[in-house]
Structure formats: structure tokens, C-alpha cells
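Notes for the structure review
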Amino acid sequence: MIYLVDYGVGNIQAFLNLFKRLGVHARRAETSEVLEDATRLILPGVGHFDHAMKRLNDSGMRSKLEELVLEKKIPIIGICVGMQMLSEGSDEGEMPGLNWIPGRVRAFASQTESAALPMPHMGWNELKPTTGSKLFATGFEDGAQFYFLHSYFFDAADKKDVVATANYGLDFDAVVSRGHIHGVQCHPEKSHHWGEQLLKNFVEL
């Protein structure tokens, strides 16, 4: 079963609507008990890093997610702040992240190349996948466009974990994958057929 982790941060219904259009059965999970039969997990997130981490910690689902992802190797994809939560931590806050993919979340405003650009980075931008990523294995052509809304970006410690970049003053890590753990900074639920294809590829991993 595909579960959307509903810890009070993220537009769960938009993802459920998308999966319904794809003919894929997915459900929301608000308790750890519901997650017991998970075969795929989606961790959405919007807003401030510390707020999202606190909501996840308070939800009672974190330990179950760690069991499923770290021990049982259930594939998971973090979306937007959900991707940032996979890191060691964020310059936006003080709380530690999940630390499932080594790296830190940094502010565009702290980077010389992007400091003078309007914040947040908002709108459509091209993703440039690396070769060999299963998330982009089928259904993608050059110039795939995705919708972004963020002022912070994931800076992976090991660039081998980066499977797609985008540019906002600088090339930044827009999609990361380490084994069965994935994260995307863009919003696939708002990215039309490109977003649908990316999530379809994730479901079919």
C-alpha cells in the first residue's frame, strides 16, 4: 500500500487526487498503526523546517517510519520540505533532520550567486536529470519543467546522491536518491504530466 504521511504539514489531498487520476490506490496515514502494510511512503512538507520536524516528531509516526525505511528498506520520497527533512539539518532552523541522506539545507540568500535574486524561488524551472536515475527512467524528454516554491535548498554531502539539478543563480541539488530513499525539492503534485510521471516512476521502482 502507498501511504502519504499526514503529520499536519503538506497538501495530502492534492497527492491523493493525482494518484486517483493515475489509477493508483493510495491512502493517508495519520498514525503509526496504519503504516504497518506500507510498500511505498511519501513524506510531503511545506513551511518552516523546524515546524515540520516538530510536527513529525509529535505525530508518533517517526519511530515507525525509521523502522520501515531504515530496517525494512521501504522506498520513500520526500517532497519539498519533506526532502529537506531527509538531511542532517537546515540553516533555516535549529532542530536536527532525519539524517537519512547526508547533507545540509542552505539558504539561497547565503549564496553569492543567488543572494540578489527574488525570494522565494517560485515558478517553473527545468530539471536536469543525471543518467541512470530510476525516477527519470521512463516518460521524460529534455526540458521537463517542474514547479518550485522555496528559499532553501538541499546541499548533498555526496554528490553521487544527486540525480537531478536545477538552476537559480547556481546549480542546486533538486532531486536526491540514496538507495531506496529519495527527495525532490519541486512540487510534482503541481507539475502536470511531468510530476505525474515522476511519482508514477517512484511507485513502480
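What comes next is a walk through the structure. As the structure is a computational prediction, the values presented were derived from the model and not from experiment.

Conventions and cut-offs
Residues numbered from 1 in each chain as written. Predicted model: local features only at pLDDT ≥ 70, side-chain atom pairs only at ≥ 80, totals over all residues. Heavy atoms only, no water. Helix = DSSP H or I, 4+ residues; strand = E, 2+ residues; numbered from the N terminus. Buried < 20%, exposed > 50% of the residue type's maximum accessible area, 1.4 Å probe, protein only. Contact = heavy atoms within 4.5 Å. Pairing = 2+ DSSP bridges. Phe/Tyr/Trp six-rings, centres within 6.5 Å; stacked < 30°, edge-to-face > 60°. Core = buried A, V, L, I, M, F, W, Y, C linked by side-chain atoms within 4.5 Å. Lys, Arg positive; Asp, Glu negative; His and termini not counted. Salt bridge = Lys/Arg side-chain N within 4 Å of Asp/Glu carboxyl O. Polar contact = N/O pair within 3.5 Å; in protein donor to acceptor, adjacent residues only side chain to side chain.

Turning our attention to the environment of Asp50. Within the fold, Asp50 resides in helix α2 (residues 49–59). Residue Asp50 is classed as buried on the basis of its relative accessible area of 16%. In the structure, Asp50 is positioned 45 residues away from Met95 in sequence and 5.7 Å away in space, judged by C-alpha atoms. Setting aside chain neighbours within four positions, we find Asp50 in contact with Gly93, Glu94 and Met95.

Let's shift gears to the pairing of strand β13 (residues 181–184). The alternating pattern of β13 places Ile181 and Gly183 and His182 and Val184 on opposite faces, both of which are buried. Note: strand β12 (residues 170–178) against β13, 4 bridges, orientation antiparallel. By the bridge assignment, Ser177 is partnered in β13 with His182. What sits between β12 and β13 in their antiparallel hairpin is a turn of 2 residues, with Gly179 showing a positive phi close to 65°.

Two aromatic rings, taken as a pair, are described by how far apart their centres are and by the angle between their planes. Evaluated as defined, the whole model comprises 8 aromatic pairs. Here the aromatic rings of Phe108 and Phe153 are separated by 5.0 Å at their centres, their planes lie at 35°, and the arrangement is tilted. Separated by 45 residues along the polypeptide, Phe108 in the loop between β6 (103–107) and β7 (121–126) and Phe153 in strand β10 (residues 152–156) bring together distant segments of the chain. On the basis of relative accessibility, which here comes to 5%, the residue Phe153 falls in the buried class. With a centroid separation of 5.1 Å and 65° between ring planes, the pair formed by Phe136 and Phe140 is classed as edge-to-face. Among the aromatic residues, those joined into a ring-pair cluster are Phe108, Phe148, Phe153, Tyr168 and Phe172.

On to the nonpolar core. When a protein is soluble and globular, its nonpolar side chains tend to lie buried together. Ranked by internal contacts, the top residues of the largest apolar core, which has 66 residues, are Tyr7, Leu41, Met85, Leu127 and Val175. Setting aside its immediate chain neighbours within four residues, Met85 contacts Tyr7, Leu43, Phe49, Ala52, Met53, Leu56, Gly97, Leu98 and Asn99.

With that settled, consider the pairing of β12. Here is the key point about a regular strand: its side chains alternate between the two faces of the sheet. Counting buried positions along β12 yields 7 of 9 residues, so the element is predominantly enclosed. Where strand β11 (residues 162–168) lies against β12, 6 bridges are found, and the strand directions are antiparallel. Directly across from Tyr168, in β12, lies its bridge partner Leu170. Between β11 and β12, which pair antiparallel one after the other, the connecting turn spans 1 residue, and Gly169 there sits at a positive phi close to 80°.

Locating Pro102 in the fold gives a position in the loop between β5 (89–90) and β6. The contact partners of Pro102, leaving out residues within four places of it in the chain, are Glu88, Phe154, Ala156, Ala157, Asp158, Asp161 and Arg178.

Attention shifts here to the side chain of Asp50. Comment: no salt bridge for buried Asp50; closest opposite-charge side chain is Arg104, at 8.1 Å. Polar contacts involving the side chain of Asp50 include one to the main-chain amide nitrogen of Met95, which spans 3.1 Å.

Quick look at the pattern of salt bridges now. In total, this model carries 15 salt bridges according to the counting rule given. The shortest N-O distance in the salt bridge between Glu36 and Lys64 comes to 2.8 Å. Linking Glu36 in the loop between β2 (26–29) and β3 (40–43) with Lys64 in helix α3 (residues 62–71), this pair joins segments that are 28 residues apart in sequence. Here Glu36 falls in the partly exposed class, since its relative accessible area comes to 46%. What makes Lys64 buried here is its relative accessible area of 10%. When the shortest N-O distance is used, the salt bridge between Lys54 and Asp58 registers 2.7 Å. A residue pair is termed a helical-turn pair when its members lie 3 or 4 positions apart in one helix, as Lys54 and Asp58 do in helix α2 at 4 residues. With relative accessibility at 52%, the residue Asp58 sits in the exposed group.

By themselves, these figures tell us nothing about what the structure is for.
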